[in-house]
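Residues per chain are reported as follows:
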Amino acid sequence: MFHRKAMSALLSIALLMVLVLAGCSSSTSSNNESASNDGDKTVIKFMHLWPEGSSKAQFTIVNDIIKQYEKDHPDVKIQTEILGNEQYKDKIKVLSASNELPDVGVTWAAGYMQPFVKGGMFASLDDVIDSNFKDQFVAGTTEAFAIDGKTYGLPLELNITPVYYNKEIFEKYNLEVPETYDEFLNVVKTLADNDVTPITLGNKDRWTGSMWYMYLADRIGGPEVLTNAINRSGSFEDPALVQAAEEIKKLVDMGGFVKGFNGLSNDEAKGYFMNEQAAMYLMATWELPNYTTSPDVTQEFKDKVGYFKFPTYEGGKGDINSYVGGPGVGLFVSEKSKVKEEAKDFVAYLVQEWGKNSVKDAGVIPATVVDTSNIELDQMYIDILNDLGTASNLTLYADVQMSSGVAQVHLDMIQSLFGGQASPKEFTKKQEQALAEEE
Amino acid sequence: MKNVMSNKWVITLYVLPALLLILILIYIPIVLTGYYGLMDWDGIGAKTFIGLDNYIELMKDKLFWNSTYHSVLLAVFSAISLIAYLVISLILASKIKGAGLLRKIYLIPMLLSSVAIAQLWLKIFDPTNGMLNKLLEMFGVENTPIWLADPNLVLYSIFIPIVWQYAGFYIIIYYAALKGVPDEIIEAAKIDGATPFQIAYKIKLPLIAPVIKVTIVLAIVGSLKYFDLIYVMTGGGPNGASEVMASYMYKEAFKTYNFGYGSAIGFALLIICLVMTWVIQKLTASKEDAGY
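Residues numbered from 1 in each chain as written. Chains lettered and ligands numbered in written order. Predicted model: local features only at pLDDT ≥ 70, side-chain atom pairs only at ≥ 80, totals over all residues. Heavy atoms only, no water.

Draft legend 1. Structural context of the overall build of chain A. A count of helical and extended segments in chain A gives 18 helices and 14 strands. Computed over its C-alpha atoms, the radius of gyration of chain A comes to 25 Å, within 12% of the 22 Å expected for a compact globule of 439 residues. Counting only residues that meet the buried cut, chain A has 54% of its 439 residues in that class. Total accessible area on chain A stands at roughly 19,100 Å², and carbon and sulfur atoms take up 49% of it. One way to put it: in chain A the 38 positive side-chain charges average out to a point 7 Å from where the 63 negative ones average out. (Helix = DSSP H or I, 4+ residues; strand = E, 2+ residues; numbered from the N terminus. Rg over C-alpha atoms; globule rule 2.2 N^0.38 Å. Buried < 20%, exposed > 50% of the residue type's maximum accessible area, 1.4 Å probe, protein only. Areas by Shrake-Rupley, 256 points an atom, 1.4 Å probe, with all protein chains shown as cover. Lys, Arg positive; Asp, Glu negative; His and termini not counted. Charge placed at Lys NZ, Arg CZ, Asp CG, Glu CD.)

Structure below.
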């Protein structure tokens with residue numbers, strides 16, 4: 001008796017599953033419809049990468065903006081999906097392969113977004129910029145999101161990359177903030193001689209080492225030399241680029257970088273600086289909250305941190321106000337979105353509000369011009385914002401400038417150069433080959 | 001009951017849901033992977049059919065063979081460590097004091113996720129503050145190794161947590177199999193004056209041979225497609241020194257936007273795994289258990 005009952009129950013479960021599976025195949029089309037029309041409300045799907053757990057400040061800003069937007073536009077509903085950085089990158093790729101990008105999402109600039117733009121995935125946002133953002137973006141930020149003269153992303157953040165240093169360690173060894181590269185080498189040597197780790201570097205992530213290389217290339221060969229090598233009006237075997245690689249090798253041989261840097265991630269390397277085991281750390285200004293506003297860091301440590309501009313190189317063409325940096329992430333609108341106009345309106349709104357709130361709430365420097373007159377800010381922010389105002393040049397991160405294939409070669413070669421598996425000559429040669437192959 | 005089970009419709013209904021799931025989630029993607037492998041495709045734009053070009057290029061790709069070599073090395077390493085697991089299980093299964101506690105200790109790494117294990121071992125391997133190097137310094141080693149940053153060491157450094165991670169899994173399998181060996185046989189052997197070593201070698205091992213065979217297949221195929229711990233701990237670096245087939249496939253498909261080429265690697269990986277399974281089956285086949 002019992003068996004028969006169990007049997008029929010199992011059978012109905014089996015039947016249900018078949019039905020559910022059969023239903024799967026048609027569910028995509030019905031999904032799309034509900035995406036554009038949820039009762040009377042227009043639904044905009046928005047995917048971003050600031051989970052509450054790891055990027056609370058950004059998460060809160062976005063969340064507040066969405067709430068405000070929905071209040072102002074009662075007929076619109078913003079449906080969010082939130083993923084961590086790496087998962088986001090993977091998922092967006094899978095979604096675009098199956099033509100199911102969210103209406104609004106986050107993208108990186110230049111080389112990263114190129115395949116998406118070429119595949120016709122992103123909508124041009126020139127009209128949004130023209131009607132909403134006259135002269136509001138910091139020069140050079142929207143350009144990074146432009147391909148063939150059209151802009152496909154609205155930048156949110158802007159970063160430059162200073163060298164942070166521990167004032168206490170510097171004082172202990174009577175060191176001054178270096179302004180020339182020779183002075184800098186002297187600092188490194190003094191620290192290394194005293195068994196203090198001069199520079200912490202998480203080169204497992206490779207773009208970290210790339211920033212050191214980019215700065216040396218800039219200071220030796222001027223702001224154009226690396227960019228020209230990448231856009232093929234120059235060569236990666238330019239003497240300045242070889243020289244920069246040689247300086248890296250010299251720095252490694254001096255013991256300038258933390259032990260085992262090629263096996264450390266950026267987060268692990270950061271730990272050395274935060275624990276005061278290393279004197280210097282080159283990283284973009286997205287680290288600023290840790291030295292100013294973050295409640296998780298002690299005031300005692302925050303007071304010890306200062307920053308300086310990457311020193312000038314004797315006989316080099318680059319000046320001290322030239323920075324490695326550029327816009328971080330930006331927002332795109334899907335070309336295939338059924339609610340494109342509404343999505344564009346939302347993106348414009350989000351970027352506007354973000355600009356107003358991000359400095360004081362998250363410590364993020366927005367890509368729009370900031371009016372600092374009536375907000376109270378930490379001194380380090382004000383200094384950085386001033387530096388940005390007087391910047392002579394921003395060189396976008398090399399791996400972002402390059403197409404993804406070449407970027408991988410560049411990053412791999414950075415690790416080999418730092419690890420001593422490739423000589424400076426091999427380093428430049430391999431990248432020249434990769435760039436030439438792509439032409 | 002019997003009637004129900006012999007009804008063809010009922011059988012179909014039972015088999016169908018699982019079959020459908022397996023088809024949709026496993027077999028169709030496999031076929032698709034092979035198909036994408038024939039394309040020049042960045043994963044986003046238009047696909048171009050290029051025939052076997054990806055596979056031909058794969059045959060000439062040094063990086064691919066390099067990563068295959070690393071995968072095979074890991075497989076050999078795992079297969080060898082099975083011997084250690086077996087010895088541990090033999091000891092645990094004989095009635096020693098505290099066997100229960102030891103069994104739990106061995107099993108615990110299995111309960112952690114790979115990412116947690118990776119984080120744990122990253123801390124242990126940290127060149128300056130890590131437990132391992134601190135320990136070495138205590139014993140007076142001056143130039144402590146930079147485990148994960150040294151291209152000659154990184155692969156072996158990573159094998160250790162992998163072996164550690166799976167110890168519990170295999171020990172439990174062996175332990176269960178050994179517990180299934182009837183006591184009477186062992187009693188009889190003891191009466192005949194067999195030493196514990198003879199009992200293990202001549203009675204227990206032959207009796208659990210099918211299980212050993214299964215674990216060899218599991219260990220080797222598992223090693224060939226191994227990905228997560230390596231991806232989290234080194235990302236295949238430094239400079240490809242710890243790249244394995246699966247991480248290379250991931251890199252090509254998702255980082256370099258060579259989705260077609262990545263698919264070709266994935267398909268090649270599948271074929272290598274199938275061939276290895278077949279070879280192991282052939283090598284270890286005995287007359288009694290021909291075929292499954």
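Draft legend 2. Region of the structure containing the pattern of salt bridges. Overall, the coordinates contain 16 salt bridges over all chains when judged by the stated rule. Two residues, A:Arg206 and A:Asp412, come together in a salt bridge whose shortest N-O distance is 2.3 Å. In this pair, A:Arg206 is assigned in the loop between β9 (197-200) and α8 (207-221) and A:Asp412 in helix α17 (residues 404-419), connecting sequence segments 206 residues apart. A residue is classified by how much of its surface remains accessible, and A:Asp412, at 25% relative accessible area, is partly exposed. The partner of B:Glu243 in a salt bridge is B:Lys251, and the shortest N-O contact between them spans 3.0 Å. Classification of B:Glu243 as buried rests on a relative accessible area of 7%. Look at B:Lys251 and you get buried, because its relative accessible area is 15%. Through salt bridges with shared partners, one network takes in A:Glu168, A:Glu276 and A:Lys304. (Salt bridge = Lys/Arg side-chain N within 4 Å of Asp/Glu carboxyl O.)

Draft legend 3. Local environment of helix α8 (residues 154-179) of chain B. For α8(B), spanning 26 residues, the distance from its first C-alpha to its last is 38 Å, which sits close to the expected 38 Å at 1.5 Å a residue. When the local axis directions of α8(B) are compared, the greatest deviation, roughly 40°, occurs at B:Ala167. (Expected span 1.5 Å × (residues − 1). Bend = angle between axes of the 7 residues up to and from the residue.)

Draft legend 4. Inspection of the nonpolar core at higher detail. Core analysis: the biggest nonpolar cluster contains 142 residues, and A:Trp212, A:Tyr213 and A:Met280 have the highest contact counts within it. Ranked by residue count, the leading element in this core is helix α14 (residues 340-362) of chain A, at ten residues. For A:Tyr213, the contacting residues outside a window of four places in its chain are A:Leu226, A:Phe236, A:Leu241, A:Ala244, A:Ala245, A:Ile248, A:Ile414, A:Phe427 and A:Thr428. The next biggest cluster of nonpolar side chains, apart from the first, holds 23 residues, and it includes B:Ala167, B:Ile171, B:Val181 and B:Ala189. (Core = buried A, V, L, I, M, F, W, Y, C linked by side-chain atoms within 4.5 Å. Contact = heavy atoms within 4.5 Å.)

Draft legend 5. Inspection of the sheet that holds strand β6 (residues 154-155) of chain A at higher detail. All names here are of chain A. On the basis of which strands lie adjacent, the open sheet formed by five strands has the order β2-β1-β3-β13-β6 and mixed pairing. Edge positions in the open sheet fall to β2 (76-82) and β6, since each of these has one partner strand only. Pairing of strand β3 (residues 104-107) with strand β13 (residues 330-333) involves four bridges; the strand directions are antiparallel. What sits directly across from Val104, in β13, is Val333. (Pairing = 2+ DSSP bridges.)

Draft legend 6. Structural view of the sheet that holds strand β11 (residues 305-308) of chain A. Residue and element names in this part refer to chain A. Taken in spatial order, the four strands make up an open sheet running β9-β10-β8-β11, and their pairing is mixed. The outermost strands of the open sheet, each flanked by one partner alone, are β9 and β11. When strand polarity is set aside, the average angle formed by the axes of neighbouring strands in this sheet is 25°. Two strands pair when backbone bridges link them, and strand β8 (residues 163-166) and β11 are joined in this way by four bridges, in the antiparallel orientation. Within β11, the position partnered with Asn166 by the bridge is Val305. (Axes fitted to C-alpha atoms, helices over the stretch in contact; angles between N-to-C directions.)

Draft legend 7. Highlighting the side chain of A:Ser210. Relative to the assigned elements, A:Ser210 resides in helix α8. Judged by its relative accessible area of 1%, A:Ser210 is buried.

Draft legend 8. Seen up close, the packing of helix α10 (residues 239-253) of chain A against helix α18 (residues 424-438) of chain A. Residue and element names in this part refer to chain A. Look at α10 against α18: their axes get within 8 Å of each other, and the N-to-C directions meet at 135°. Taken together, the axes of α10 and α18 are oblique relative to one another. Two packed elements cross with a definite hand, and for α10 against α18 that hand is right-handed. Contacts between α10 and α18 involve Leu241, Val242, Ala245, Glu246 and Lys249 on the former and, on the latter, Pro424, Lys425, Phe427 and Thr428. (Parallel < 35°, antiparallel > 145°, perpendicular 65-115°, else oblique. Left-handed = near helix turned anticlockwise from the far one by under 90°.)

Draft legend 9. Spatial organisation of the packing of aromatic side chains. All chains considered together, the criterion is met by 52 aromatic pairs over all chains. Relative to A:Trp108, the ring of A:Tyr88 has its centre 6.2 Å away and its plane inclined at 65°; by these criteria the two rings are edge-to-face. One end of the pair, A:Tyr88, is in helix α3 (residues 85-97); the other, A:Trp108, is in the loop between β3 and α4 (110-118), and 20 residues separate them in sequence. Given a relative accessible area of 15%, A:Trp108 falls into the buried group. Feature note: the residues A:Tyr181, A:Phe184, A:Trp212, A:Tyr215, A:Phe257, A:Phe261, A:Phe310, A:Tyr313 and A:Phe418 constitute an aromatic cluster, connected by ring pairs. In this structure, A:Lys89 is placed above the aromatic ring of A:Trp108, and the distance from its NZ or CZ to the ring centre is 4.6 Å. The positively charged end of B:Lys47 is found above the aromatic ring belonging to B:Trp41, 4.6 Å away from the centroid. (Phe/Tyr/Trp six-rings, centres within 6.5 Å; stacked < 30°, edge-to-face > 60°. Lys NZ or Arg CZ within 6 Å of the ring centre and 35° of its normal.)

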